[in-house]
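Coordinate inspection notes
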Amino acid sequence: MAVRIQDVARHAGVSSATVSRVLANKPHVRQALREQVLEAVDHLGYEPNRVARSLRVQRSSIIGLVISDIQNSFFNTIVRAIEDVAHQNNYAVFLCNSDENPAKEKLYLNLLKAERVAGVILTPTRETASTCQSLIDAGIPVVTIDRSISGTNVDSVKTNNSEAAKCLVDKLIERGHQRIAVILPDLNITTGRERFEGYQQALNQAGLKLDTELIRSGRPITEDGYALTCDLLCLPQPPTALFSGTKLMTLGAVRAILETNRQIPRDLELAAFDKLDWMPCLPSMSYAEQPTYQLGTAATKLLLERLQKPAKSVQHAILKSDLYFSPDTSEGLKL
């Protein structure tokens, strides 16, 4: 038979109302009483009915988190930061992985809506407002992270994609490169489009023609980074430099470059968005390192603020990436 809150109250020698205040972590409960209740909860194995509680108070203590690719280590620190801030504020995190699949994303968002979560932090697979409209209609606040959604008033947190991309490509141009190729995630995703804008701005400012032969886009995964780079290297006149738009695409690009017996930067100079763990140990390429922990922290704080002040104005936070430039040398990277 399930343990009830009344059983906990009887065992602790307090009222049911006191048990409820302790479990909700509310103030004005003496520490001795708090410990008494928590001991009773532990002894009896009481598990609060979170669904029933959320129906009563019209708010859950769970935050839904939907990320686009759990295998992408870019999200590791983001998830940790979200969990840290949520835990500090007495929320738990329900993690879902969409695999860049809109249908799977919709499935999870519907599930989170049915679970009456307090709010959702989302890396959207699409830029359309319909992605999270049902949550908004149900009064569940949404904050997007890393990417944004157009056509709706949703808080967002991302990095200075265009500016950082431009700086990386500027450095390649400064070193004399004119045939600079680019591999990017889908340009219908804000990160892909904004990083492409930075690439384009750098070329325009330098008076270089935008050559569609050197532009490739695909899924932000290792396999596509590899395939797209192989395609570029097979051109009659291959690029002398490459700008890669995501961490996993960079990993695929490096593999393609080395498998074709080329060296970085001797045969192809590489600039990349996002840091791979080994990059500082082999300083042969330039990269932008996004403030991943700060991204997660900022997104969670925005969501908590929205829960406290539903009518506050929409906020779009843009954090700056750190830029690291490889030394100007012709020595090659060998793995």
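This report concerns the structure included in the present document. (Residues numbered from 1 in each chain as written. Predicted model: local features only at pLDDT ≥ 70, side-chain atom pairs only at ≥ 80, totals over all residues. Heavy atoms only, no water.)

Regarding helix α3 (residues 31–44)
Its 14 residues give α3 an end-to-end C-alpha distance of 20 Å, which sits within 8% of 20 Å, the value for a rise of 1.5 Å per residue. For α3, the full list of buried residues reads Arg34, Val37, Ala40 and Val41. Taken end-on, α3 shows its buried residues confined to a sector of 130°, consistent with a single buried face. When the buried face of α3 is taken as reference, the exposed residues oriented beyond 90 degrees from it are Asp42 and His43. Structurally, α3 contributes buried residues whose contacts are with α1 (5–12) and α2 (16–23). Positive phi shows up at Gly45, right after α3, with a value of about 70°. (Helix = DSSP H or I, 4+ residues; strand = E, 2+ residues; numbered from the N terminus. Expected span 1.5 Å × (residues − 1). Buried < 20%, exposed > 50% of the residue type's maximum accessible area, 1.4 Å probe, protein only. Arc of directions from axis to C-beta. Contact = heavy atoms within 4.5 Å.)

Brief notes about the side chain of Thr190
With respect to the secondary-structure elements, Thr190 resides in helix α9 (residues 190–206). Accessibility expressed as a relative area gives 2% for Thr190, which makes it buried. A distance of 3.1 Å separates the side chain of Thr190 from the backbone nitrogen of Ser148, its partner in a polar contact. In this structure Thr190 touches Glu127, Arg147 and Ser148, once residues within four positions along its chain are discounted. (Polar contact = N/O pair within 3.5 Å; in protein donor to acceptor, adjacent residues only side chain to side chain.)

Some thoughts on the pattern of salt bridges
This structure, assessed with the given rule, holds 20 salt bridges. The partner of Asp99 in a salt bridge is Lys104, with the nearest N and O atoms 2.9 Å apart. A residue is classified by how much of its surface remains accessible, and Asp99, at 42% relative accessible area, is partly exposed. One connected set of salt bridges, linked through shared partners, spans Arg4, Asp7 and Arg10. (Salt bridge = Lys/Arg side-chain N within 4 Å of Asp/Glu carboxyl O.)

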